[in-house]
Amino acid sequence: MSEDCVFCRIVKGELPSETVYEDDDVLAFRDINPQAPVHVLIIPKRHIPSLADVGPDDTELLGRMLQVAKTLAEKLDIAASGYRVVVNCGRDGGQVVFHLHVHLLGGQLLGRLA
Ligand code: 5GP
Ligand code: ZN
């Protein structure tokens, strides 16, 4: 846990969030500034600053985060229309919060990035 990390504070319940999924290791909640009708952030409960900081021991955790994205897409009714998962990493990747997170975006046609 990191004292001044906003997502660690959400995990600890010190900051409110609209939780959409939780298990022992993973938490998912609505983005405070949604960029699409569905915009959910999927995070590990453990503080990992970014994708650049994951190691071989985190392979299962990363896989489970993507499984949660897929399951939430179904639950939030965007699986049939399609959706995007995004991991911003580092400055040029546009990462603002340095606690690893997967964005799940959908509910409208998303512009192409790549
Ligand atoms: P990044 O650019 O780091 O990939 O995205 C960080 C995301 O976290 C942004 O989409 C931003 O709106 C979201 N965010 C930042 N602070 C909070 C917060 O306190 N609560 C919630 N729910 N989302 C947040
Ligand atoms: Zn954190």
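As shown above, the structure is provided for reference.
Please explain the environment of Asp58 as it appears in this structure.
Summarising the element assignment, Asp58 is placed in the loop between strand S3 (38-44) and helix H2 (59-75). Note on Asp58: relative accessible area 8%, which makes it buried. Along the chain, Asp58 and Val38 lie 20 residues apart, while their C-alpha atoms are 27 Å from each other. Beyond its immediate sequence surroundings of up to four residues, Asp58 is in contact with Arg46, Ile48 and Asp53.

Would you mind going over the site of ligand 1 with me for this structure?
Lining the immediate surroundings of ligand 1 are 16 residues, of which Arg30, Asp31, Val96, His101 and His103 lie closest. A distance of 3.3 Å separates a nitrogen atom of ligand 1 from a polar atom in the backbone of Ile32. In this structure, Asn88 approaches ligand 1 through a side-chain N or O atom, which is 2.9 Å from an oxygen atom. Computed on the free molecule, ligand 1 has an accessible area of 520 Å², of which 81% lies beneath the protein chains in the complex. When residues in the shell around ligand 1 are grouped by element, the largest group, three residues, is from helix H1 (residues 6-11).

Just checking my understanding: could you explain the coordination of the zinc ion (ligand 2) for this structure?
The textbook angles at a metal center are 109.5 degrees for a tetrahedron of four donors and 90 or 180 degrees for an octahedron of six. Within the protein, Cys5 (SG), Cys8 (SG), His47 (ND1) and His99 (ND1) serve as the donor atoms for the zinc ion (ligand 2), at 2.0 to 2.3 Å. In this structure, the zinc ion (ligand 2) is coordinated by four donor atoms arranged in tetrahedral fashion, with angles at the metal of 105 to 117°. Counting gaps between the donor residues of the zinc ion (ligand 2) yields the pattern C-x2-C-x38-H-x51-H. Placement of the pair is Cys5 in the segment before H1 and His99 in the loop between strand S4 (83-86) and strand S5 (102-106), with a sequence separation of 94 residues. Under the relative-accessibility criterion, His99 is labelled buried at 0%.

Rules used throughout
Residues numbered from 1 in each chain as written. Chains lettered and ligands numbered in written order. Predicted model: local features only at pLDDT ≥ 70, side-chain atom pairs only at ≥ 80, totals over all residues. Heavy atoms only, no water. Helix = DSSP H or I, 4+ residues; strand = E, 2+ residues; numbered from the N terminus. Buried < 20%, exposed > 50% of the residue type's maximum accessible area, 1.4 Å probe, protein only. Contact = heavy atoms within 4.5 Å. Near = heavy atom within 4 Å. Polar contact = N/O pair within 3.5 Å; in protein donor to acceptor, adjacent residues only side chain to side chain. Areas by Shrake-Rupley, 256 points an atom, 1.4 Å probe, with all protein chains shown as cover. Donors = N, O, S within 2.8 Å, 3.2 Å for Na, K, Ca; no water. Tetrahedral: all angles 85-135°; square planar, octahedral: opposite > 155°, others 65-115°.

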